[in-house]
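# Structure assessment
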Amino acid sequence: MKLRAKDIFIPGAFPKYTYISRQSTEYDFTYEFRLTQSLSTVGFLTSIVGPSKTGKTVLCEKVIGQDKIVDFTGNDFKETEDFWATIARKIGLPLESDHTEHRTIEGHGIAGIKEGIVSSVTESYRSNKDKVIQYFIEKDLVLVLDDFHYASPSMQFEIAYQLKDAIRKYFRTVVISLPHRSDDAIRKNSDLSGRLNLINIEPWNKGELREIAVTGFNQLGMNIDPAFADDMAQESLSSPQLMQSICLNLSLLLDIDNNASFDKLDYPMLKKAYKMTSLNLLSYKEVARKLKNGPNTRGQKRKTYPVIDEQVDIYELLLKAIAVDPPKVSLSVDEIKRRMDVLLGDAADKPDRLKIKNTIDQVQSIMQSSEPMYQVFEYKDDEVYILEPLFLFYLRWGNLG
Ligand SMILES: Nc1ncnc2c1ncn2[C@@H]1O[C@H](COP(=O)(O)OP(=O)(O)OP(=O)(O)O)[C@@H](O)[C@H]1O
Ligand SMILES: [Mg+2]
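Since this is a predicted model, take the numbers as computed values, not measurements.

## Here's the deal with the packing of helix α9 (residues 226–235) against helix α10 (residues 240–253)
One can describe the packing of α9 onto α10 by two numbers: an axis separation of 9 Å at closest approach and a directional angle of 135°. Accordingly, the angle class assigned to the pair α9 and α10 is oblique. Read as a crossing pair, α9 and α10 show a hand that is right-handed. Only Leu242, Met243, Ile246, Cys247 and Leu250 of α10 make contact with α9, whose side of the interface consists of Ala229, Met232, Ala233 and Glu235. When the residues that make up the contact of α9 with α10 are grouped by side-chain class, the tally is eight nonpolar, no polar and one charged.

Right, here's the structure in full:
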């Protein structure tokens, strides 16, 4: 069967044909090898930490197999229900407390003289915990606990406590969380120290991202020009999801399924593919709007600066400076100032460093007092770190309106 672009480039799920194996810079092994090693070490808990959308789930699917994963998120566990009962419910094991077995006794002995006597026999089952562990071992399953940081602190400790004992009984578990989010119940738990395998997923680099495009287009019988692949990798920043998405949209734009060639590909076409990709990111429009508005001025008008054919205030200017070429995952205040200076051309009045720093501080507090979706960058030691590559991509290519 001929493969189509949508089978090859998969931005939202497991990329069967464009899965790229990566090597950690901390050690000379691939992440797949490291996870396999960890899962083979009886009595150890595996903790995977990595920035959002870097392939933590996909890594588990690759190594463990989609059908062997029993997945939960930190939200799924409630203080009101026993940890093991929650798992038993999900995998369809009858719970200890409500297990009553009805049996029809037939034919033999005194009890069976009257045929069809129905008796209610309550089997005394081992606890839910033992049943769940047994079931996981028999079926070779692995518990994957995603977004662990979403569980309340007390629930986190309860989960860690339950797992500590279970892993000694051959119960295999992977706990996944984001960096900078609290998972101290696992990583700083003295009961687990010495029995914890840590896997830190690093951000993707340009070479690794490129490989998605090269591999995918190869599968479609085409060789992409290295210069175009580089440009796409640069735009993807550190996001394999973005790369998958750009490749898919470019394929659709070029109608690759019906005409497998790059004849029509040039930079204007590539830019069109970026714009098309940004349509999937409209949820960032509201984030951009909120940050662009800055804090409430209580009716006072802000000073404006001339950028090409419009007047923008300092907040809009900041977003423009972050968005211009080249896209970067981190920018120093000095670099932001240089970018602003270029944007403002020969305007007489340009914001100084102090004003820029105050502006970034204000935006940072707006982000911090908003939902997690708004936390798209972080300001630390005079440096702006982009936490959400998709947001920067939207700033660059979306129609901000
Ligand atoms: N090794 C890989 N090779 C190719 N593409 C990948 C790889 N890892 C991830 N991707 C792409 O990135 C997307 C996001 O990956 P995944 O959902 O595993 O990230 P995550 O770290 O679990 O994200 P989240 O923090 O939201 O849970 C995948 O659907 C896929 O398109
Ligand atoms: Mg995930």
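There is more to say, and it comes next.
## Some remarks on the sheet that holds strand β12 (residues 383–386)
The sheet built from three strands is open, its strands ordered β10-β12-β11 with antiparallel pairing. Unpaired on one side and paired on the other, β10 (330–332) and β11 (377–380) mark the two borders of the sheet. Direction aside, neighbouring strands of the sheet carry axes that sit 20° apart on average. Of the strand pairs in this sheet, β10 and β12 are connected by three bridges, and their pairing is antiparallel. Residue pairing for β12: serine 332 is matched across the bridge by glutamate 383. Its contacts with the sheet put helix α14 (residues 333–344) on β10, β11 and β12, and the angle it makes with β10 is roughly 85°.

## Notes on the pairing of strand β6 (residues 173–177)
Most of β6 is tucked away: five of the five residues are buried. Looking at chain direction, strand β1 (residues 45–49) and β6 are connected through four bridges and run parallel. Bridge pairing in β6 places valine 49 opposite serine 177. Where strand β5 (residues 142–146) meets β6, three bridges bridge the pair, whose relative direction is parallel. Of the residues in β6, the one forming a bridge with leucine 143 is threonine 173. Remark: the β5/helix α6 (residues 153–166)/β6 crossover connection has right-handed handedness.

## Examining the packing of aromatic side chains
For the structure shown, the criterion picks out 13 aromatic pairs. Pairing phenylalanine 14 with tyrosine 19 gives two aromatic rings, centres 5.8 Å apart and planes at 25°, and the pair type is stacked. Each member of the pair, phenylalanine 14 as well as tyrosine 19, carries the same accessibility label: buried. On the basis of an interplanar angle of 75° and a centroid distance of 5.3 Å, the ring pair of tryptophan 84 and phenylalanine 171 is categorised as edge-to-face. In this pair, tryptophan 84 sits in helix α4 (residues 83–91) while phenylalanine 171 sits in the loop between α6 and β6, placing the two residues 87 residues apart along the sequence. Given a relative accessible area of 2%, tryptophan 84 falls into the buried group.

## Comments concerning the site of ligand 1
As a matter of local geometry, ligand 1 sits amid 20 residues, with Ile10, Ile20, Lys56, Thr57 and Val58 nearest to it. At a separation of 2.8 Å, an oxygen atom of ligand 1 approaches a polar backbone atom of valine 58. If ligand 1 stood free it would expose 640 Å²; the protein chains cover 89% of that surface. Elements with a minimum of two residues in the shell around ligand 1: α3 (56–64) and α10. Considering only residue class, the shell around ligand 1 consists of 10 nonpolar, eight polar and two charged.

## So, the pattern of salt bridges
Inspection of the entire model under this criterion finds 21 salt bridges. The closest approach of N and O atoms between aspartate 7 and lysine 6, which form a salt bridge, is 3.8 Å. In this structure, aspartate 71 engages lysine 90 in a salt bridge whose closest nitrogen and oxygen atoms are separated by 3.9 Å. Residue aspartate 71 is found in strand β2 (residues 69–73), and its partner lysine 90 is found in helix α4; the two are separated by 19 residues along the sequence. Residue aspartate 71 is classed as partly exposed on the basis of its relative accessible area, which comes to 44%. Exposure remark for lysine 90: the relative accessible area of 45% places this residue in the partly exposed category. A network of salt bridges, in which partner residues are shared, links Asp334, Arg353, Lys357 and Asp382.

## Focus on the pairing of strand β8 (residues 304–307)
Burial of the side chains of β8 is restricted to one face: Tyr305 and Val307 are buried, whereas none of Thr304 and Pro306 on the reverse face is. As consecutive antiparallel partners, β8 and strand β9 (residues 310–313) are separated by two residues, and within that stretch isoleucine 308 has a phi angle of approximately 45°, a positive value.

## Regarding the domain arrangement of the chain
Parsing the chain into structural domains produces domain 1 (31–84 + 130–200), domain 2 (205–281) and domain 3 (283–397). Of note, the centres of domain 1 and domain 2, computed from C-alpha atoms alone, are 35 Å apart.

## Considerations on a nonpolar patch on the surface
On the surface, Val42, Ile137 and Tyr170 cluster together to form a nonpolar patch covering roughly 300 Å² of accessible area. Relative to the elements of secondary structure, valine 42 occurs in the loop between α2 (31–39) and β1. Assessed through its relative accessible area of 45%, valine 42 is described here as partly exposed.

About the cut-offs
- Residues numbered from 1 in each chain as written.
- Chains lettered and ligands numbered in written order.
- Predicted model: local features only at pLDDT ≥ 70, side-chain atom pairs only at ≥ 80, totals over all residues.
- Heavy atoms only, no water.
- Axes fitted to C-alpha atoms, helices over the stretch in contact; angles between N-to-C directions.
- Helix = DSSP H or I, 4+ residues; strand = E, 2+ residues; numbered from the N terminus.
- Parallel < 35°, antiparallel > 145°, perpendicular 65-115°, else oblique.
- Left-handed = near helix turned anticlockwise from the far one by under 90°.
- Contact = heavy atoms within 4.5 Å.
- Nonpolar A, V, L, I, M, F, W, Y, C, P; charged D, E, K, R; others polar.
- Pairing = 2+ DSSP bridges.
- Buried < 20%, exposed > 50% of the residue type's maximum accessible area, 1.4 Å probe, protein only.
- Right-handed = clockwise from strand over helix to strand, strands pointing away.
- Phe/Tyr/Trp six-rings, centres within 6.5 Å; stacked < 30°, edge-to-face > 60°.
- Near = heavy atom within 4 Å.
- Polar contact = N/O pair within 3.5 Å; in protein donor to acceptor, adjacent residues only side chain to side chain.
- Areas by Shrake-Rupley, 256 points an atom, 1.4 Å probe, with all protein chains shown as cover.
- Salt bridge = Lys/Arg side-chain N within 4 Å of Asp/Glu carboxyl O.
- Domains from an automatic or database assignment.
- Patch = residues over 30% accessible without salt bridge, like charges linked within 9 Å, V, L, I, M, F, W, Y side chains within 5 Å.

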